[in-house]
Amino acid sequence: MSAVTDQFAAPSASVRKTPKGTFDLVFRNASFLAALFVLVLLAGIMASMVIGGWPAFREFGFGFLTSSVWDTQNDQYGAWPAIVGTLSTALIALVVGVPLSLGIAVFLTQLAPPWFKQPVSTAIELLAAVPSIIYGMWGLFVFAPLFAAYVQIPLSNIVEGMPIIGTVLYSRSPSGLGILTAGIILAFMIIPFIASITRDMLDQIPSVLRESAYGIGATTWEVVRHVLVPQAGVSIIGAIMLGLGRALGETMAVTFVVGNANRLSASVMDPGSTIASRIANEFNEALGLQLNSLIALGCILFFVTFVVLVIARLLVARVKRY
Amino acid sequence: MRKLLILTAAAIGLSGAAQAADITGAGATFPFPIYSKWAEAYKKETNIGLNYQSIGSGGGIRQIKAKTVAFGATDAPLKGDELTKEGLIQFPTVMGGVVPAINIAGVEAGKLKLTGPVLAAIYLGDIKKWNDPKIAALNAGVTLPDANINPVYRSDGSGTTFVFTDYLSKVSPDWKSKLGTNTAVQWPVGIGGKGNEGVSASVKQVANSIGYVEYAYAKQNKLSFALIQNADGNFPAPDDKAFQAAAANANWNEAPGFGISLNNQKGADAWPITAATFLLIHAKPEKPEETQAALKFVDWAFKNGDKLALDLDYVPLPAGVKDQVRNAWKGVTDPAGKPIF
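As a starting point, this report considers the structure included with it. (Residues numbered from 1 in each chain as written. Chains lettered and ligands numbered in written order. Predicted model: local features only at pLDDT ≥ 70, side-chain atom pairs only at ≥ 80, totals over all residues. Heavy atoms only, no water.)

## Some points on the interface of chain B and chain A
At the junction of the two partners, chain B supplies 34 residues and chain A supplies 31 residues. Together chain B and chain A conceal approximately 2500 Å² of surface at their shared face, both sides included; 44% is due to carbon and sulfur atoms. Scanning the region where chain B abuts chain A turns up 9 residue pairs in polar contact (both at pLDDT 80 or more). Sorting the residues of the side of chain B that touches chain A by element identifies helix 3 (57–65), strand 6 (150–154), strand 7 (191–193) and helix 9 (195–205) of chain B as the ones contributing at least two each. Top contributing element to the side of chain B that touches chain A by residue count: helix 3 of chain B, with 4 residues. Looking at the side of chain B that touches chain A residue by residue, the class counts come to 12 nonpolar, 19 polar and 3 charged. (Contact = heavy atoms within 4.5 Å. Buried area = accessible area lost by both parts, 1.4 Å probe. Polar contact = N/O pair within 3.5 Å; in protein donor to acceptor, adjacent residues only side chain to side chain. Helix = DSSP H or I, 4+ residues; strand = E, 2+ residues; numbered from the N terminus. Nonpolar A, V, L, I, M, F, W, Y, C, P; charged D, E, K, R; others polar.)

## What to know about the environment of Gln 63 of chain B
Residues and elements named next belong to chain B. The topology assignment puts Gln 63 in helix 3. Separated by 38 residues in sequence, Gln 63 and Gly 25 place their C-alpha atoms 8.6 Å apart. Once residues lying within four places of it in the same chain are set aside, the contact partners of Gln 63 are Ala 26, Ile 55, Thr 68 and Val 69.

## A few points about the pattern of salt bridges
Residue and element names in this part refer to chain B. This structure, assessed with the given rule, holds 15 salt bridges over all chains. Here Lys 219 makes a salt bridge to Asp 313, at a shortest N to O gap of 3.1 Å. Here Asp 313 lies in the loop between helix 13 (306–311) and strand 11 (315–316) and Lys 219 lies in helix 10 (residues 215–220), a separation of 94 residues in the sequence. Taking relative accessible area as the criterion, Lys 219 reaches 45% and is therefore assigned partly exposed. Residue classification places Asp 313 among the buried residues on the basis of a relative accessible area of 6%. Shared partners join several salt bridges into a network, and the residues in it are Asp 299, Lys 303, Asp 323 and Arg 326. (Salt bridge = Lys/Arg side-chain N within 4 Å of Asp/Glu carboxyl O. Buried < 20%, exposed > 50% of the residue type's maximum accessible area, 1.4 Å probe, protein only.)

## Remarks on a nonpolar patch on the surface
Residue and element names in this part refer to chain A. A cluster of nonpolar residues, Ile 133, Ile 134, Met 137, Trp 138, Phe 141, Val 142, Leu 146, Tyr 150 and Val 151, forms a patch on the protein surface that exposes about 820 Å² of accessible area. Residue placement: Ile 133 occurs in helix 6 (residues 132–159). You can call Ile 133 partly exposed: its relative accessible area is 35%. (Patch = residues over 30% accessible without salt bridge, like charges linked within 9 Å, V, L, I, M, F, W, Y side chains within 5 Å. Areas by Shrake-Rupley, 256 points an atom, 1.4 Å probe, with all protein chains shown as cover.)

Take it as geometry only, folks, not as evidence of what the structure does.
Here it is, written out as structure tokens:
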């Protein structure tokens, strides 16, 4: 391995001393500009969102974050139900999606027979390429009616009248659409990302580690729990954060299945809305302060996603140090 | 050789099409199918195309104010003072109706009767069950289930919602004070579906639901609908004649820019939830030739487009209204002050 690296390193060092160095300089500056372009673009988007959303922040102040009113008639806007909807659908997506993704990854790398491994790996990569509107339409036309008939209605009959879960899982109108449905559809959408990144991470762990664990008599579960997870753990968290970032910002699929109610409900079976779905719904017809409020919502989503990505960066940086 | 000839002919045809400047417009999604149909037929006759972006009424208003298009299209008419302020002229092009679609086990299409105030109470969440005495009183002989009503509304801002909430505001003081008229309101109950297709999918799938969609959409998708009592106390079936009856009795000069509501008009057969869709043009356009081309297109559609409109379940304007619109175009002038139409 090191010999190969040397072969490549030697000529590139000598290039710098020849007249071709000019080309090298141009190339370096060009790629620097390309990288700078990303930063300028990001700063531009951030600035235009802050400017566009500023009238809403100025009008409602901190109350914009905490108010539940979304009244186009009297021009009163608050982001709270959308923020709660965004966070709760993303949380449900993680609760459903992460165990499945990890199961897929562990099975594929440790347990699957080769003839089964390849088709499943390909299927996961295909799932990642399905456009989100397809997930949305499938969710609305196929998943929601089944979910209403086989989950919402029986479950509501069981939990009705019970403390806490009688509220959280009860659906007043069993339509199949709501926060929980959106969370489950989001889970399907983030599974390919988390599963394939985790699979790659697990594949990179030297097999000598695994083999020595098996050699001292560890069971499969013990190998996964005490060897693989500590080795790949932090990068798995990075993969989960990437999935979370997608779940937070997903628009089309969520708009189809979330039920689009601009109000808070104690039940996850009830319709709600997310920041992205509200923007998708109302942007076309919005004017004046409503438009500013939608851009301000986008600003909040931008901030939340930014925080998630920073956390992912920090975690990935940590794993690199070891 | 023959292939080459065809290719050459096609190339000439293409370049010919590119030379005639297209008319640009943007706005409402509701009239998009009929504008496209008219444009197709118009292009065959005149070789002038229409580039219409159905980005929604709000977008159409923004674009015409910014003067990036020759005309803007909106379902919700602008108020007189805004038209004056922006120097815009507004006129209707075509009409349509909104019908309540229902999905109640055991209730046949066209059998359920509702009044405006009852419809408002359902969407306010005041009437919660289908066998509520207020609904039962209107429907003697119809078996209504003891089930929760699931109202479905448009979650995206839409002209359909504007027409529907305008109707509810007219017939229910309660609705007017609590929610009012807009392209989107703060619905206290129900599920939101995106677009006509989202609403109809929800109504079809959710038992005991009621939604509202454009008539053309309900007809093409064979949705069950409910009947609504009109201003004369009748329950007309929603069809072209009922929408035309609503337009016939309206006083179009009541509001500037023909911006009247056709909801709850008098007339024995008038469907109570009917509306026109509007175009906006500048009274003193910077590029008069573009506006002139747009007006010629609308004039052509007024003369030749009625059948196409009826085919798509839109309702043409009455002839008298068309003349009033043409009259209003006299106010559109070039920089020299000469009328361009």
